[in-house]
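Summary of the model geometry
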Amino acid sequence: MTEPRVRVFDAPRADAIGATPEAFLAWLGGPAMLRVPGRDRRRARGLATLLHGNEPSGLRALHAWLRQGAVPAVDLVCFVGAVEAARRPPGFAHRMLPGRPDLNRCFAPPFDDGERRIAGEALRLFREAGCDALVDLHNNTGHNPPYGVVAGVDAACINLVGLFGERLIASDLRLGTLTEATHGDFPSVTIECGRAGDPAADACARAGLARYAALDAIETRRVGVPHMTILERPIRVSARPGVRLAFGAGPADGADLTLTGDLDRHNFELLMPGVPVGWVADPDRWPLVAAGADGREVSQDWFALRDGLLETRRAAVPVMMTVDPAVAKSDCLFYLVRPREELLAPETTTR
Ligand SMILES: [Zn+2]
């Protein structure tokens, strides 16, 4: 088998890329970097999408934008990642190819083979292009408003996220994402456009991309964004390995942990202590692991078990909660974040 590489397409013609997003993927054939000439050809700006094959909003937006033949303000350098995973039947159903690593966890050295090598090539191409910014478009699975994730907050990143939504998560977790790898190079943001398959998420990606491509310059002062809620220091909450997981309105047969089926309704809500989130079959088997940037296991600081009921122990804002068991297993259950504004009791605020 030959090693997969990033194919480079210079100035793709609108009528050559395929009439549908699916035909566009077939035309790309694999991970690809497209360079779309801008009005100012001396400058460049980065876009990434489809790092996860089951998150189509950004790909659909890019396809529609290319088909319009729109001319960006500066050259737009576009990386399309998990093309093979997205094309695998039934289409846009696989985050990554079975048995392969998650591409958006591969943007940290070594870039030795497979997905890591693709990630390394994409990074090199973005850096060589001298991008003034990078936006990476994603979807998630639960009920979520559009929001951004950044590895370091500054005015440029807030302005970029403001093209898509009004919420921003400042993450100090280091997972190996594209945004983490590039935040020292140029303003770099991940945008979660909303739930995969939701027309509102597709519309968010499409409108935001058009605005981003049309910007003459990336604004580095805090102007033009009416409001941005900033949440920070996420804690990643997962089920312990081997825990049988279910979602439902009551304890499910054969499940070690049943999470309430409408858990994702609480995304971006402030949950106070004592809110039930699920049922645990065996009270002697603690079902969760949770860690922030320092890697310390803190799940029992945030959750408590009372008469088989799992409940919150401290006030926190959950984000990216999923009610899809496959996603919960392959990635995580959700993240807990803390508002930057002083909404909480003094010991849980940031400064
Ligand atoms: Zn994603």
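So, a few notes on the structure that sits alongside this text.

Reading the values: the criteria
- Residues numbered from 1 in each chain as written.
- Predicted model: local features only at pLDDT ≥ 70, side-chain atom pairs only at ≥ 80, totals over all residues.
- Heavy atoms only, no water.
- Pairing = 2+ DSSP bridges.
- Helix = DSSP H or I, 4+ residues; strand = E, 2+ residues; numbered from the N terminus.
- Donors = N, O, S within 2.8 Å, 3.2 Å for Na, K, Ca; no water.
- Tetrahedral: all angles 85-135°; square planar, octahedral: opposite > 155°, others 65-115°.
- Buried < 20%, exposed > 50% of the residue type's maximum accessible area, 1.4 Å probe, protein only.
- Axes fitted to C-alpha atoms, helices over the stretch in contact; angles between N-to-C directions.
- 1 Å grid on protein atoms, 1.4 Å probe; cavity = no way out; pocket = protein on both sides within 12 Å on 5 of 7 lines; lining within 4 Å.
- Points joined across faces, edges and corners; volume = space filled by probe spheres on them.
- Nonpolar A, V, L, I, M, F, W, Y, C, P; charged D, E, K, R; others polar.
- Salt bridge = Lys/Arg side-chain N within 4 Å of Asp/Glu carboxyl O.
- Expected span 1.5 Å × (residues − 1).
- Contact = heavy atoms within 4.5 Å.
- Arc of directions from axis to C-beta.
- Polar contact = N/O pair within 3.5 Å; in protein donor to acceptor, adjacent residues only side chain to side chain.
- Domains from an automatic or database assignment.

**With respect to the pairing of strand S14 (residues 303-306)**
Relative to strand S15 (residues 309-312), S14 runs antiparallel, the two being bridged by 4 bridges. Residue Arg 306 lies in a different strand from S15, and its bridge partner there is Leu 309. Count of turn residues in the S14/S15 antiparallel hairpin: 2 residues, of which Asp 307 carries a positive phi of about 50°.

**A word on the coordination of the zinc ion**
Within the first shell, the zinc ion binds the protein through His 52 (ND1), Glu 55 (OE), Glu 55 (OE) and His 138 (ND1), at distances of 2.0 to 2.5 Å. In this structure, the zinc ion is coordinated by 4 donor atoms arranged in irregular fashion, with angles at the metal of 55 to 144°. Sequence positions of the donors to the zinc ion reduce to the motif H-x2-E-x82-H. Of this pair, His 52 sits in the loop between strand S3 (40-49) and helix H2 (57-68) while His 138 sits in strand S5 (residues 131-140), placing them 86 residues apart in sequence. For the pair shown, His 52 and His 138 are each scored as buried.

**Notes on the sheet that holds S14**
If you walk across this open sheet you meet the 5 strands as S10-S11-S12-S15-S14, and the pairing is mixed. What marks the edges here is a single partner per strand, and that holds for strand S10 (245-248) and S14. The sheet shows a mean angle of 30° between the axes of neighbouring strands, taken without regard to direction. When strand S11 (residues 257-260) meets strand S12 (residues 276-280), the two strands line up antiparallel, connected through 3 bridges. Bridged to Leu 257 within S12 is Val 280.

**Looking at empty space enclosed by the protein**
Taken as a whole and judged by the stated rule, the model has 1 cavity of 30 Å³ or more. In this structure, the largest cavity occupies an estimated 50 Å³ of space. Every residue lining the largest cavity is listed: Leu 271, Val 277, Trp 302, Phe 303, Thr 312, Arg 314, Ala 316, Met 321, Phe 334 and Leu 336. Residue composition of the lining of the largest cavity, grouped by class: 8 nonpolar, 1 polar and 1 charged.

**Regarding the pattern of salt bridges**
This structure, assessed with the given rule, holds 19 salt bridges. When the shortest N-O distance is used, the salt bridge between Asp 216 and Arg 39 registers 3.4 Å. Pair noted here: Asp 216 is in the loop between helix H7 (199-214) and strand S9 (229-239) and Arg 39 is in the loop between strand S2 (32-36) and S3, with a separation of 177 residues, a long-range link. Of the two residues, Asp 216 and Arg 39, neither departs from the other in class, the shared state being exposed. Between Arg 41 and Asp 75 there is a salt bridge, with the nearest N and O atoms lying 2.7 Å from each other.

**Topic: helix H4 (residues 114-129)**
Taking 1.5 Å per residue as the helical rise, H4 with its 16 residues ought to reach 22 Å, and the 23 Å between its terminal C-alpha atoms agrees with that figure. The set of residues buried in H4 consists of Gly 114, Glu 115, Ile 118, Ala 119, Gly 120, Glu 121, Ala 122, Leu 123, Leu 125, Phe 126 and Ala 129. On its buried side, H4 packs onto strand S1 (7-10), S2, S3, strand S4 (74-80), S5 and helix H6 (178-182). Just downstream of H4 lies Gly 130, where phi reads positive at about 65°.

**Overview of H7**
Taking 1.5 Å per residue, 16 residues should reach 22 Å; H7 reaches 23 Å between its end C-alpha atoms and fits that length. Within H7 the residues assigned to the buried category are Ala 201, Asp 202, Cys 204, Ala 205, Gly 208, Leu 209, Tyr 212 and Ala 213. Here the buried residues of H7 occupy an arc of 155° about the axis, which is enough to place them on one side. N-capping of H7 is provided by Asp 198, with a side-chain oxygen placed 2.9 Å from the backbone N of Ala 200.

**Overview of the layout of surface pockets**
Computed from the structure, the largest pocket encloses a volume of approximately 520 Å³. The wall of the largest pocket is formed by 36 residues, among which Arg 105, Glu 192, Met 320, Asp 331 and Tyr 335 lie closest to the centre. For the lining of the largest pocket, the secondary structure elements donating two or more residues are S5, strand S6 (147-150), H6 and strand S8 (188-195). For the lining of the largest pocket, a count of residues per class yields 15 nonpolar, 14 polar and 7 charged. Among the domains, domain 1 (7-227) and domain 2 (232-340) are the pair contributing at least three residues each to the lining of the largest pocket.

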